[in-house]
Structures are given as C-alpha cells and as structure tokens.
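Residues per chain, in single letters:
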2 protein chains.
Amino acid sequence: MILSALITSVGINFGLCLLFFTLYSILRKQPGNITVYAPRLVAEGKAKEGGHFNLERLLPTAGWVRKAWEPSEEDFLSSSGLDAFVFMRIIIFSLKVFAIGGIIGMSVLLPINYMGSQLTDDSDFQHKSLDSFSISNVNNGSNRLWIHFCAAYVFTGVVCYLLYYEYGYISSKRIACFYSSEPQPQPHQFTLVVRGIPVPPGSTCNDTVEQFFREYHPSTYLCHSVVRRSHKLQSLVNDADKLYKRLTHLKHKNDAPKRQRRDGCLGLFGRKVDVVDHYERRLGDLEDNLRVEQSSLATKEVGAAFVSFKTRFGAAIALHIQESVNPTEWITEKAPHPHDVYWPFFTVSFVKRWISRLVVFVACTSLTILFLIPVAIVQGLTHLDQLETWFPFLKGILRLSVVSQVITGYLPSLILQMFLSCVPPTMIMLSSLQGYLSCSQIQKSACTKVLWFTIWNIFFANVLSGSALYRVNIFLEPKEIPRVLGEAVPSQASFFIAYVVTSGWTTIASELFQLTKLLSNFLSRIFGKNGDVDFEPPSIPYHSEIPRIRLFGLLGVTYFILAPLILPFLLVYFCLGYIIFRNQLLKVYVPKFETGGEFWPTVHNSTIFSLVLMHIIAIGIFGLKKLPLASGLTLPLPILTLLFNEYCQNRFYPIFKDYPAESLIKKDRADQNQHNMSEFYDKLASAYNDPALIPVQYSERSDSNRSPLLHSS
Amino acid sequence: MILSALITSVGINFGLCLLFFTLYSILRKQPGNITVYAPRLVAEGKAKEGGHFNLERLLPTAGWVRKAWEPSEEDFLSSSGLDAFVFMRIIIFSLKVFAIGGIIGMSVLLPINYMGSQLTDDSDFQHKSLDSFSISNVNNGSNRLWIHFCAAYVFTGVVCYLLYYEYGYISSKRIACFYSSEPQPQPHQFTLVVRGIPVPPGSTCNDTVEQFFREYHPSTYLCHSVVRRSHKLQSLVNDADKLYKRLTHLKHKNDAPKRQRRDGCLGLFGRKVDVVDHYERRLGDLEDNLRVEQSSLATKEVGAAFVSFKTRFGAAIALHIQESVNPTEWITEKAPHPHDVYWPFFTVSFVKRWISRLVVFVACTSLTILFLIPVAIVQGLTHLDQLETWFPFLKGILRLSVVSQVITGYLPSLILQMFLSCVPPTMIMLSSLQGYLSCSQIQKSACTKVLWFTIWNIFFANVLSGSALYRVNIFLEPKEIPRVLGEAVPSQASFFIAYVVTSGWTTIASELFQLTKLLSNFLSRIFGKNGDVDFEPPSIPYHSEIPRIRLFGLLGVTYFILAPLILPFLLVYFCLGYIIFRNQLLKVYVPKFETGGEFWPTVHNSTIFSLVLMHIIAIGIFGLKKLPLASGLTLPLPILTLLFNEYCQNRFYPIFKDYPAESLIKKDRADQNQHNMSEFYDKLASAYNDPALIPVQYSERSDSNRSPLLHSS
C-alpha cells in the first residue's frame, strides 16, 4: 500500500464517520427514534416519546458529546455499574498506552525507520510504500536498531506500570462498590448453589439439604429452595407471559376495530373473532396446562439447591470449605443474582458437568482453529465460473461487469462478515452448555472464547497470510516461531493499518448509529407492529465488544516497534470509542447484571499476551536484521513480563475471585445496624424460587405480580 | 548384551543378596549391633543391649522375615503411621501392576518378540542377544504388532484401575486416621501460621494479631504466639543442649580416670583438667550468652505468628477465607506439628518468599538439566594420560595394570555415584530455602525434585545415550519426540535390565545391611567413642527412597511392551523391597512426622507420567515398525489417560489438601465430649513457643525439662 492510498482511505472513512455523526445528531432528536437512541432513558422514565416539532430538530448538533463527556467517573459508576465502568477503563487504559506509545513511536521510531535505506523505494513522498515507515526499511545490522530495542523495554515498562495501576484501581473500586453498594442487602451475597446432593434412598432432596446444613452449619444456615427440572414449564410460562403482555396492551389501547382478526392460518382466513376474547381463551388454556405441569414438577428434583445463610460470612464459610468427604458431592458455588440465574441448563451430576465442559472445550478449540476452512470453501463457491456451471441460467447476468465486480469483490468479505457475526452467539451457546449457573458467567466465559477466536482468526490468520492451516505447523516447532513471526508480521503492517481505519472507525461509528435497530424501528412503525409491547432496553454485549477492543489493543502493542504509523489511527479509534461508548452506556444500554468488574482479569491477561507476542516478534526481527545480540538481550523481556503477570495474579486476582473475610464481616455488621434483617430473611426465603413454579393467576389479576421478580434489577 | 551375560550378572547379584541376607541375619543378633539394626525398638524400650552368648547367635536364620511379614496392615498402620503405610502401598501397588504386566508380557509378548526375525541373530540360544526378546525383533509391518497394541490398551486400563483403587483406598485411610487418630487433640490441627502481618507504626505485632482476630474471628480465636528472629539463638541452644547431654552422660558414668583431659589443641596439649568441671564452666558461659540473646530477642518480631483457635473448624475457616483486602497480607497456612516446625528460615514478606521460590525453581531446574556436565568433566579427569601429566610422580603406579583398570573402570562410576548421593541433601537444602514451614513439607517438596532429577538423569540421559545435552534439542521439536524416543528407548533395554539387577537388587539388600552405619558403629565401639550419647533413631528418608522406587516403576511401565523381559527382575526387586522395607519400618525407622499420606499424589502423578511416556514411545515405535494405523490408534490412549488423571485430581486430590467440614466438625464434637478441652487450651497456648526462647536452666536442674517439648512425637 502506498501513502496516498492510505490517505484516500483515511479520507473516505473519516467522511463516513462524519456522515454517521451528523445523521445521528439529527435522527436522535426525532421522537420516533427515542427507543433506538435512548431506550435506557425511556425505561427509566427519564425520556418520553412525542413532543412538538421545531427546527432545531433538523440541525446537527454536538450536544450529545458534551452530555456524554460531562458525568464524573463517580456518577458514571453509580449510574451504569462497575462492569460498564471497567469497560470504560479498558478504553482509558488503551488511550494512555497508545498516547505514550504514539509519542515514542512517531517522534523516535518513525523518523529512524524512514531514514533507513533497506528497501530501495525511490518514488516521491506521496507514492512511498508504507513499508518505508516500518522497521523493514532499517538497514540490516544497523546500530539504529538498538533504539528499537530500548523502545521495546521502555514501552513494556510503561504498559506494565499502567496495568499494575489499573488492576489496583479497579480492585479498590470493586471493594468500594461492595461496601457502598445497594440500599438493601442483596440475596445473592447470602446464598450458595449446592450441587451433587447425595439423596439417600427413601428421602427427598429437600430433607437431605435441611438435615445436612442444620447439622454442619447450625448457626448460620437460614433456608433453602430445591431446584427442579423445569425445562418444559419454562417455555410454557414464557408463552403465557408474552400472551398476557399483548393482552394487557390490547385492552389498554381499547380501539375496537383493530381487535378483529380471522382465526385461521396467519390470521388471513377463517371466521372473524374478537382478538381479546381469542387471546383470553388461549391464556386460559395455557394456565391450565401450566398448573398441571407445575403440580407434576414437585417430584422432579435434580439434586441441587439454593441454600441461604444468615450472614455473608456464613455463606463464605460454606463456600470455601469442602463440605463432604467425597469432593464430588455437596459442591458449593456462589449463587448468582436471582434474575441472573440461568435456569434451563441446570446440569447436576459432577461427571455429566465435567464431560460437557470437556466437549465444549473441544468444540470451541476446533471451531477456533478450523473456522477458516468452511469460510474459504463457501468463498470459493463465489468464483464466477463455478457459479456459472452451477446456475447456468445466471450466465447472462454474471457476464455484466458490475455484477461480476460485486460478486468477486464484495461477496467473499460479506460471507466472512456473516460467518464472523455468528461467532459471538455460537460462543454464548457453547458457554451455556458448559454448565454455568448465571447469564453473567456465561457471558464472561464467552468473552474469553471470542477473544481467542478473534486473535487467532483475525490476527494470526492474516499474518500467516491466508494459508494459516498450512503454516500452522510452526506452532509445533517452538524454535521457529520467532523467525516466522518476525518475517510475517511486519509484512502485514499496511493491511492492519488499513484494517484499523476501515473496520475500526466504521464499526465504532455504526455502534453509535445503530443502523439495524433504526431500520427495524422504522419498519415496525410503518407496518404498525406494536413494537413497544415487547420493548425492552438492550444490554451491552460485552462478549463481542471487549474482544474487538482488545484486538485493536493487540495490534497496537505488536506493531509498536514494527510500524508505529498504526498508532495515531488507533488513538483516533480509542478517542471515538471513549465518547461513543460513554454515550451509549448512559443512554442506550441498561446494566442487566453485575459481575463486579470480573472482566478486568481477562483484559489484563490478554494485554500480557500481546506484550509477550511483541517480544517474540522482536526477537525474531532482530535476528533477521542481523543483530543477534539484541535478539538475545530481548529474551529476558518476556520472562520479566510473565513474572510481573505472576505477581499481579498473586496480588490482585484473589480480590476478583471472592470478597475477603474483612469486607464480608464489616458489611454484615453494617447490615445488622442499618436494616431490618428479619424482613430481609423472609424475602430471601422466596428469592430463589424457580420463576416457572410461582402459582399462575393471569386471568384474575389486573397487574402482573410476577414481573417484579423476573425483571427487578 | 547376550543372554548368558545376563544370567551371569543375575547369578552374581543373587549371590551378593544372599550374602547380605546371611550376614544380616547373623549380625543383627549381636548385641553390639542393636543400635544399627533395631534402633527403633531400642528407642521405644522394646529391645535391650547385652544378653548372654549362645550358639544360635552365629547361625543365619530367617526369623526376621516372618516377623516383618506377620503384622496385619492395621497393626502396621498404627505402629508406623500413615506415611509409612503409604510407602508400603507404593510397593504393593507396583507389585500388583508388574504381576499382571509380567503375566501378559512373559506369556504373550515375549514369545511373539522371540518368534520375529527382524534382527538376524543366528547364534544359539545361550548367545542370543537380549534384543531378540524385545520388540525390535518383530518384523516391520507385521500384524503381530497389533497384539502389542492391544497389550498397551489392556495394561493402561489395568494400571488406571489400580491407581483409582489405590487413591480411593489411601484417601479413606487418611480420613479414618484423622477420626481415630490420637488419644489427645493435636495442637497443629487447631493452629494456623499467619504471615505478612501489616504492623502499623507505633504498634507491635503481638497487639496487631490480637486485635485482628478478636475483631474478625471473635468466637473461635483462642491465642497466638508471635515468631521472632531466632537464628543465632538456635545455634547457641543446640550447642548448649549437646554439651548438657555429654555432661550428664559423663556424670552418669562416673569413672574418674577418663574424666581427665588436656585443655589445649585437640585435647592433646596443655595442662590436665577435669572434664566435668571444664564442661560445666563452658555450659555456664553458654547459658549467660543465651540469656543475653533471649532478652534482646523479644524485640525482633518478624511479622508472623502462630494463631490457635478453639476448634478445628474455626481454624479451617480462617485458613480458607482470604482475610484481608490485600491478598499479600494476613496470609494463612496450616501450622505444622510443633516439633516439625522448621524455625531457621522463617522468611516473612510475601515478595521475599516469592523471589526465593523463583530462585530455587531456577536453581533446581538448571541443576537437574545440567547435572551431567560437571560429572562428565570430572570423569574426564580420570583418564590415565591426563592424570600422568598432572601428577608425574604417579607415573610408576599408574602403569600397573591393576591400578589402571581400577581407575578407568571403577573411578568414573564412583564419581557419578558420589555426585548422585549429594543430590537428595542438595534438594532438601533448596526446598528449605523455598520458605516451607515444616520439615515434612520440605521433605515432600524435595521428594518431587529428586524424582524429576532421577527420571531425567537416569532415564532420559541414558536413553539419549550420554549425549543428552546434544539431543536435548528434540524437546524443542515436539513432533519429533515419539520418533526419537521410539528409536532410542528400545535400544537401551538390555542396559536397564542389567540396571535393575545390579543397582536395584543391591541397593535394596544394602538397605537391609546398612553397611555404613554398621562400620561407624563398629569403629566407635573400638575407639570407645560415646556413640550412645547422641543416639537418635533415624527416620526414613522418603525424599530419596520414593524417587528410587518410582524410577523402577517408570522403567517397568515404559519397557512393558518394548522388552517384557525386564518385568520378572522388577518383580523380584519389589518382593525384596516389600519384606525389607516392612522390616526396616518396624525395627529401624521412627516416624518423625506425619503428612497424612500426602506423598501419594506425587506417586500417582509420576505413574501417569510413565503411562503417557509409554504411549508416546509406542506411537513412535509403531511408526518406525511401519504400522502407521496402530500408531494413529494409540493417540487416544494418552488423551484418555490424562482425562482419567484429571478426574482423579477432582475426585481425590481435595481430600489430600485439606480435611472437609464434615470431618472437622465431627472430630470437634467428639473432642468436646471426650476431653477436658480447657486443659488442652492451656497447653495449646505454649505449644508454639520458639524452643530457643524457653528460659534456660541447665546448671540447677538434674533432668532436662526442655527435651519433652523438642522431641515429643
């Protein structure tokens, strides 16, 4: 790629971003789009649809930037929760790293690279290849490479310092949030999930749990609720819930003509019926089914239970000490927040869970490694001649130059994008099969999976230039890795610079613009679908956003000494990201669950991985550049980095796993003084009842009394 | 090696063993040797020196075999402790494995190997090379190799089943021992070591600990004792103790002429003095020094303490839950038994300990990997011409053929043995630097270190035939490992068969004979040294015995399909081992500490390692034998084995790490009913006082009142 091409690309994408921003600043002010651009405010009742028309609505303004910028860190934390806060800290951390890296890179490394003469590129400045700005241009054996060597050490030091600071800062916030958290004690802090309950023959799970905890935790045990196999019931309840919502909405609207519908296929044929009557009858049937199913369910115990304790410390005791002589029985785990429980897949036995974890591991690894094969095959099908032989009738159309250009130029990348967009949901599915108990844990695990998937399939697959599978062999010859990476990575520098500008900038701008949601909202309004019946504000998909941000972080770190030209574009990306995600987290996304900042260790680890990868590449490149001494002297760097990581794991990671005794006891005592605990204990007893098991009574009541349990946050 | 040579070697070593046994059965009956052959019985007062002479004493008898055989497993367990029991189970497990392996190997594999014709060896049976009995003799591509393939699967299944059974059996014994253990509650079960105590300025460690545990464990905290830097004091106390013992011994003997000694150099010059007076004066000086040192010590707190709790469960709570928000402070660990505490190296700060662990890891790894270099260099010095140039005056002697034969033939192996015998103490030293708190933990860690050292330096160094360092490269090319091992391992079969017969049988027989101790005892009796003053029954050095036994286990497993001829000799080794170690554990070795069977997981892991190694070699050899399908079908075997190991780790390992809540609470309740706990609590308060800090009063008292504390078991 030559310089002018890069500038053109930057220009086009910059224009696109500007366009998105302008459109956003106009569209967001249209009352119809409020559920697209401020669903959170709507859900919280802070914004309302409607309002009178005025000219200001049609003018692009940057007021939203100011509003997103204004709230202090504390305000942001209290309004969006610790997870969103950590998400923003990831961006801030990246900004700091690449600001420092950018200064070093642009002011020191770039001029040195440009002054080299290894690549004989005599074209004028505008037509210079981007490689002239990369380390490839530095002469072999040149002493100037020692500056790159020093830069690697300095940059690693800076990143490690920032990592340490950030880990410490986030863990202090985590503890602070725990102390100052909610006005009411949280049921999940007092509760454990117990699995592998060995029910003796002739006894019930219920009695066994009661007896065991009364025996061994007499002073702290409070109550429990046994989990039942509620698979089928769950779907019935969902149906009923949906129906009930639609019904209340219809009743609320009360416009008779629209209530008529035909009862046949698709509502087009058959005799006309009153929709409300029709729905009410269906709801009645569903309720009957539900009651039958519920009564039969009482016997379907699965050997697992939620056990609640009187204090947080009491729960922690039962959590940390192995309960039974057989470690595969009475396995305790922290309970998730009641509305965060993932009921469908409550695998029970230790062995079953172990096997499913194994199967998922194999599936996930092979998906990650072999992903490119099916994609390549499908992409191969888009070759024109192939298509012509398969679909002879298309011959005429395919011969048109526009069509053929679109198909050959656009279709492969569209197919890749389509496959890629299936990855996060697939990973969520795999994680949910792994036997996690809560949606948040599933998302956390999927985040790690998607992260490795992204790094492998975007970074390594491109670096090993398409023939990834052929050259995957190098990972079986550890000695060769630095050399091969040292050769391959710098040659892809211009591709990744373009990738940051095109893919990075555009995705972040479209995150703001929310094109698909805007369209679906627009269509549903045109066709008069009652979109707002099922309206539920979205939550941020951490499992696809964090890996994307981390991929750009990885690119920045690995290309820091190779091609520092990438850094300014990354800085722009993170600046945009900062303001846009702040805006989205304040206005669009609702925090559905709270892991307490547990995403940070994943980010920390992936940063350490990027650093070590950079060191390996540096070792390779110094070797290729005929400076073996520098290559050898770089060796301590990855070792020191890994030791630093080890230290961080010892110093901070335990805080992210569990709360310490000190905090638990302090918080318990504060509770005893502040709250009426016996009232809370009463609530606790019913907090973990399976929502599918709550007696149904849609027909009689006017207001749903199950929803507070299902959707309270 | 040819068959007749093997038979000769077997004959010689069998003769040697018989000689050792005969000598042992005579010498053990001599009253003077009782401290060599039954020190445990002497220490327990069950055997006495002296007795009148009779002829039966001079006849070799096998009564000791019957006596060693007789005690039931339960009796053995109660008299020798769980660790000795586990040690015997290792041998029993090996016996079972190689009995089954031997039957399969000798009846199925050996005939098949012998019937092959790959190696053209036309000599008669007696002169057949041992390779004719190994897999090398099976024709390339022969379908008979499928029998070896099946044998690998069957053998792996058998070993895994036995491993599972044994792990379960030993863990049940561990729990049973915990329940039924001692008549009195054990202080170490109620106590934790707390390190990294953050002493605020202006306060003392003592107050900080008191305050912290009163605050956060008010209902279970009992008392504590702060650790002080007692390095110097310890050696003073040791000197004083020794002196005091010698003094009481002298006073006891009361034979005046021997009490005269000269006070100058080596007791040869200077004026004559009364030894008792001399010793008493020295003891007085030492006591004064001690008192001064003790009083100054009170201020040397090191930020660590022994904290005792009222119940075992209370201690477990504080152990398992992270205490402070900063995980590097208030680190809790299980306390060792009071007499098992390793006082000298009480490293305190988290960082210091972490660094020392790292340094030890590096030192240990490089010692293991690079051990052969210095040995080879020193061995190189024994070349005759080298010696002649260095020490010209030896020329005459070196020319003698006997001398030259001894030097070239014997010296190199002597040097290797000398170096090898230094390894266990070195590993003990390294482990003690790692910051373990108890002698038993140090020994356990040294055991693992010596095990890997042995496997690397005996197995791999020999397999890679001396040039280990040159071919060590293969471990950097994982793909090549099966092929290289498949080539190298079978070719060393005859060496290892000879190794089992010579080194294995002889070491086990000399373990019974205890040559060095016998000699030193003999010499001390001749020169009238007061050997019995310092008499202390030895404890079994698990860290050198277990690795040796496991090495033979590894040889048996890896050579099972390659050269089954090794198995009968291994069976003889383990049979001898069974009877001899039972004898030694009952009569010679005193259990000094009790880890509660924690050596078993190490043994389990090393067996899994042997199995996987066998599979890798099998994959290599099937490939070399032109049976790629068998090679491919062996691949699932190591994976299944590792999964089995993973399952075992989940199922049993937690039991070996800590006792479960169920057991702790049951035992606590049993205590409350059976014992006077307040009396025990009083004892507990002083149990963990540094022995060096107990007020000295040698001069006044007649009987040492410090020894019960130091040596009670």
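Keep in mind it's a predicted model, so treat the numbers as computed, not measured.

## Observations concerning the overall build of chain A
- Counting its secondary structure elements, chain A contains 30 helices and 6 strands.
- Burial statistics for chain A: of 713 residues in total, 37% are counted as buried.

## Digging into the packing of helix α22 (residues 542–559) of chain B against helix α23 (residues 566–587) of chain B
All names here are of chain B.
- Packing of α22 against α23 brings their axes to within 10 Å, and their N-to-C directions diverge by 155°. In this view, α22 runs roughly antiparallel relative to α23, as classed from their interaxial angle. Pair α22 / α23 crosses with left-handed handedness. Contacts from Ile549, Phe552, Leu555, Gly556 and Tyr559 in α22 reach Ile566, Leu567, Leu570, Tyr573 and Gly577 in α23.
- Taken together, the residues that form the contact of α22 with α23 break down as 8 nonpolar, 2 polar and no charged.

## Some points on the interface of chain A and chain B
- Taken together, the 28 residues of chain A in the interface contact 28 residues of chain B.
- At the level of secondary structure, the elements contributing two or more residues to the side of chain A that touches chain B comprise α10 (312–320), α26 (636–651), α27 (653–657) and α28 (661–674) of chain A.
- By residue number, the principal contributor to the side of chain A that touches chain B is α28 of chain A, which donates 4 residues.
- Of the residues belonging to the side of chain A that touches chain B, the class tally is 16 nonpolar, 6 polar and 6 charged.

## So, the sheet that holds strand β5 (residues 301–309) of chain A
Residue and element names in this part refer to chain A.
- Read across the open sheet, the 4 strands follow the order β2-β5-β1-β6; overall the sheet is antiparallel. A single partner strand is all that each edge strand has here, and the edge strands are β2 (221–228) and β6 (331–334). Adjacent strand axes in the sheet meet at a mean angle of 30°, parallel and antiparallel pairs treated alike.
- Contacting β1 (191–195), β5 and β6, α10 crosses the sheet at an angle of about 25° to β1.

## A few points about the pairing of strand β2 (residues 221–228) of chain B
Residue and element names in this part refer to chain B.
- Summarising burial for β2: 7 of the 8 residues are buried, a large majority.
- Of the strand pairs in this sheet, β2 and strand β5 (residues 301–309) are connected by 6 bridges, and their pairing is antiparallel. Counted as the bridge partner of Cys223 is Ser308 from β5.

## What to know about the relation of the copies chain A and chain B
- Least-squares fitting of chain A to chain B yields an RMSD of 0.1 Å, with the superposition described by an axial translation of 0.0 Å and a rotation of 180°. In short, the pair behaves as if placed about a two-fold rotation axis. Relative to the rotation axis, the C-alpha of Glu477 of chain A is the closest in chain A, positioned 2.5 Å from it.
- When you check the interface residues of chain A against chain B, 100% turn up at the interface there too, and the contact is symmetric in its surfaces.

## Re the pairing of β5 of chain A
Residues and elements named next belong to chain A.
- Burial of β5 is extensive: 7 of the 9 residues sit out of reach of the surface.
- Two strands pair when backbone bridges link them, and β1 and β5 are joined in this way by 4 bridges, in the antiparallel orientation. Following the sheet pairing, Leu192 is matched in β5 by Val307.

## Notes on unusual backbone geometry
- Of note in the backbone geometry, Lys626 of chain A takes a positive phi value of approximately 60° without being a glycine.
- One can find Lys626 of chain A in the loop between α24 (600–624) and α25 (628–634).

## Focus on the environment of Ala151 of chain A
Residue and element names in this part refer to chain A.
- If you trace the backbone, Ala151 turns up in helix α6 (residues 145–180).
- Distance from Ala151 to Ser445, taken between C-alpha atoms, is 35 Å for residues 294 residues apart in sequence.
- Other than its neighbours up to four places away in sequence, Ala151 contacts Ile104, Val108, Leu109 and Ile561.

## Overview of the packing of helix α1 (residues 3–27) of chain A against helix α20 (residues 493–513) of chain A
Residue and element names in this part refer to chain A.
- It is the contact of α1 with α20, at a shortest axis distance of 9 Å, that shows an interaxial angle of 5°. In terms of axis orientation, α1 runs roughly parallel to α20. The segment α1 lies against α20, with Leu6, Ser9, Val10, Asn13, Leu16, Cys17, Phe20, Phe21, Leu23 and Tyr24 engaging Ile497, Ala498, Val501, Thr502, Trp505, Thr506, Ala509, Ser510, Leu512 and Phe513.

## Some remarks on the confidence of the model for chain A
All names here are of chain A.
- Overall, the prediction assigns chain A a mean pLDDT of 82, with 86% of residues at 70 or greater.
- For chain A, per-element mean pLDDT is lowest for helix α30 (residues 707–711), which scores 38, and highest for α24, which scores 94.
- What the predictor reports for the complex is a pTM of 0.85 with an ipTM of 0.82.

## Some details on the sheet that holds strand β6 (residues 331–334) of chain B
Residue and element names in this part refer to chain B.
- Taken together, 4 strands build an open sheet; the order of strands is β2-β5-β1-β6 and the sheet is antiparallel. The open sheet is flanked by β2 and β6, the only strands paired with a single partner. The mean angle between the axes of side-by-side strands here comes to 30°, regardless of whether they run parallel or antiparallel.
- Sheet contacts for helix α10 (residues 312–320): β1 (191–195), β5 and β6; angle to β1, the most-contacted strand, approximately 25°.

## Some remarks on the environment of Gln672 of chain B
- Structurally, the position occupied by Gln672 of chain B is in helix α28 (residues 661–674).
- Its 10 C-beta neighbours within 10 Å are what place Gln672 of chain B among the exposed residues.

## Comments concerning helix α7 (residues 205–216) of chain A
- With 12 residues, α7 of chain A extends 17 Å from end C-alpha to end C-alpha; this agrees with the ideal 16 Å at 1.5 Å per step.
- Within α7 of chain A the residues assigned to the buried category are Cys205, Val209, Phe212, Phe213 and Tyr216 of chain A. Along the axis of α7 of chain A, the buried residues cluster in a sector spanning 85°; they form a single face. In α7 of chain A, the exposed positions that point more than 90 degrees away from the buried face belong to Gln211, Arg214 and Glu215 of chain A.
- For α7 of chain A, the elements touching its buried residues are β1, β2 and β5 of chain A together with α28 of chain B.

## Some remarks on α10 of chain B
- Extensive coverage of α10 of chain B is indicated by the burial of 7 of its 9 residues.
- Those residues of α10 of chain B not exposed but buried are Arg312, Phe313, Gly314, Ala315, Ala316, Ile317 and Ala318 of chain B.
- Elements that come into contact with the buried residues of α10 of chain B comprise α10 of chain A together with β1, β5, β6 and α28 of chain B.

## Comments concerning the nonpolar core
- With 281 residues, the main nonpolar core has Ile497 and Ile566 of chain A together with Ile497 and Ile566 of chain B as its most contacted residues.
- Discounting chain neighbours no more than four positions away, the residues touching Ile497 of chain B are Leu6, Leu130, Ala563, Leu565, Ile566 and Phe569 of chain B.
- Judged by nonpolar contacts, the second largest core, of 7 residues, contains Val237, Ala240, Tyr244 and Tyr279 of chain A.

## Section: the environment of Pro71 of chain B
All names here are of chain B.
- Along the chain, Pro71 turns up in the loop between α4 (63–69) and α5 (73–115).
- Each C-alpha atom, one on Pro71 and one on Arg582, is 9.4 Å from the other, the two residues being 511 residues apart in sequence.
- Setting aside residues no more than four positions away along its own chain, Pro71 makes contact with Phe76 and Leu586.

Here is what the cut-offs are and how they apply
- Residues numbered from 1 in each chain as written.
- Chains lettered and ligands numbered in written order.
- Predicted model: local features only at pLDDT ≥ 70, side-chain atom pairs only at ≥ 80, totals over all residues.
- Helix = DSSP H or I, 4+ residues; strand = E, 2+ residues; numbered from the N terminus.
- Buried ≥ 20, exposed ≤ 12 C-beta atoms within 10 Å, placed from the backbone.
- Axes fitted to C-alpha atoms, helices over the stretch in contact; angles between N-to-C directions.
- Parallel < 35°, antiparallel > 145°, perpendicular 65-115°, else oblique.
- Left-handed = near helix turned anticlockwise from the far one by under 90°.
- Contact = placed C-beta atoms within 7 Å.
- Nonpolar A, V, L, I, M, F, W, Y, C, P; charged D, E, K, R; others polar.
- Pairing = 2+ DSSP bridges.
- Least-squares fit on C-alpha atoms with pLDDT ≥ 70 in both.
- pLDDT = per-residue confidence, 0-100.
- Expected span 1.5 Å × (residues − 1).
- Arc of directions from axis to C-beta.
- Core = buried A, V, L, I, M, F, W, Y, C linked by C-beta atoms within 7 Å.

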